[in-house]
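For reference, the chains in residue letters:
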Amino acid sequence: MSLFLALALSATPPAAAEINPEVRVKITQNYQEVGAIFADLNPGACRALEYWYLYDTYVYPNAREGGFEVRADAPATARSTSAERFVAEMFASHPGGTLVTVDIREFSADCR
């Protein structure tokens, strides 16, 4: 089993955010937009960053409130061109929100 796991991990491609960088991605709860996500990708890199901005209307998931959904808008929807611009736009349009940075790193032999 451990040999199989080692072979599977060695074949893992470089880190890639799960968010498509070509579209605007929003976080919804009860069909209401409560946040947005920007993926800062460098193709082939061993590290990627995602910036999740949660509006002040976002409710942290719990047994009573349930969870959240991540939805991508159509590719025609404008999206920010940089992480700095995304953060500035979010703070300006939704003051009082929370910024969460997700650091995705690949720890394979190719990324040391």
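Right above here is the structure, for reference.
Model, not experiment: these values are computed from the prediction.

## Notes on the nonpolar core
Of all hydrophobic cores here, the largest spans ten residues; its members are Ala36, Phe38, Leu49, Tyr51, Tyr53, Tyr55, Ala83, Phe86, Val87 and Met90. Of all the secondary structure elements, the ones that give two or more residues to this core are β2 (32-40), β3 (47-54) and α2 (83-93). Residue contributions to this core peak at four residues, all from α2. Ignoring sequence-local partners within four residues, the contact set of Ala36 consists of Arg24, Val25, Lys26, Ile27, Tyr51, Trp52, Tyr53, Tyr55, Phe86 and Met90. Formed by seven residues, the second largest nonpolar core is a distinct cluster that contains Val34, Ile37, Leu54 and Tyr58.

## Re α2
For α2, the complete set of buried residues consists of Ala83, Phe86, Val87 and Met90. When α2 is viewed along its axis, its buried side chains cluster within an angular range of 95° and face the same direction. Facing away from the buried side of α2 by more than 90 degrees, the exposed set consists of Glu84 and Ala92. Contact partners of the buried residues in α2: β2, β3 and β5 (98-105).

## Overview of the sheet that holds strand β1 (residues 25-29)
Spatial strand order, β4-β1-β2-β3-β5: five strands in an open sheet with antiparallel pairing. Either end of the sheet is taken by a strand with one partner, and the two such strands are β4 (69-72) and β5. Strand-to-strand twist of the sheet, defined as the mean angle between neighbouring strand axes without regard to direction, takes the value 25°. Pairing of β3 with β5, which is carried by eight bridges, proceeds in the antiparallel orientation. The partner of Leu49 across the bridge, within β5, is Asp103. Set on the sheet, α2 makes contact with β2, β3 and β5; between it and β2 the angle comes to about 165°.

## Here we look at the pairing of β1
In terms of residue burial, β1 counts as a mostly covered element, since four of its five residues are buried. Relative to β2, β1 runs antiparallel, the two sharing five bridges. Paired with Lys26 across the two strands is Ala36, which belongs to β2. The hairpin turn running from β1 into β2, its antiparallel successor, is two residues long, and Asn30 in that turn takes a positive phi close to 50°. Pairing of β1 with β4, which is carried by four bridges, proceeds in the antiparallel orientation. Bridge pairing in β4 places Ile27 opposite Val70.

Here is what the cut-offs are and how they apply
Starting afresh in each chain, residues are numbered from 1 along the sequence in its written order. In keeping with the model being predicted, local features are shown solely for residues with a pLDDT of at least 70 and side-chain atom pairs are shown and tallied solely at 80 or more, while totals for entire chains, interfaces and linings include all residues. Calculated side-chain values reflect all of the structure's heavy atoms, with hydrogen atoms and water omitted. For our purposes a nonpolar core is just a set of buried Ala, Val, Leu, Ile, Met, Phe, Trp, Tyr and Cys residues, chained together by side-chain atoms within 4.5 Å. Per-residue accessibility, obtained with a 1.4 Å probe over protein chains only, is compared with the maximum for each type, and a residue is labelled buried under 20%, exposed over 50%, and partly exposed between these values. Each helix is a run of DSSP H or I of at least 4 residues and each strand a run of E of at least 2, with the numbering of both proceeding from the N terminus. Whether two residues are in contact is decided by their heavy atoms, any of which lying within 4.5 Å being enough. Here the arc refers to the set of directions running from the helix axis out to each C-beta atom. Only strands that DSSP links by at least two bridges are regarded as paired with each other. Note on geometry: axes are C-alpha line fits, over the in-contact stretch for helices, and angles between N-to-C directions span 0 to 180 degrees.

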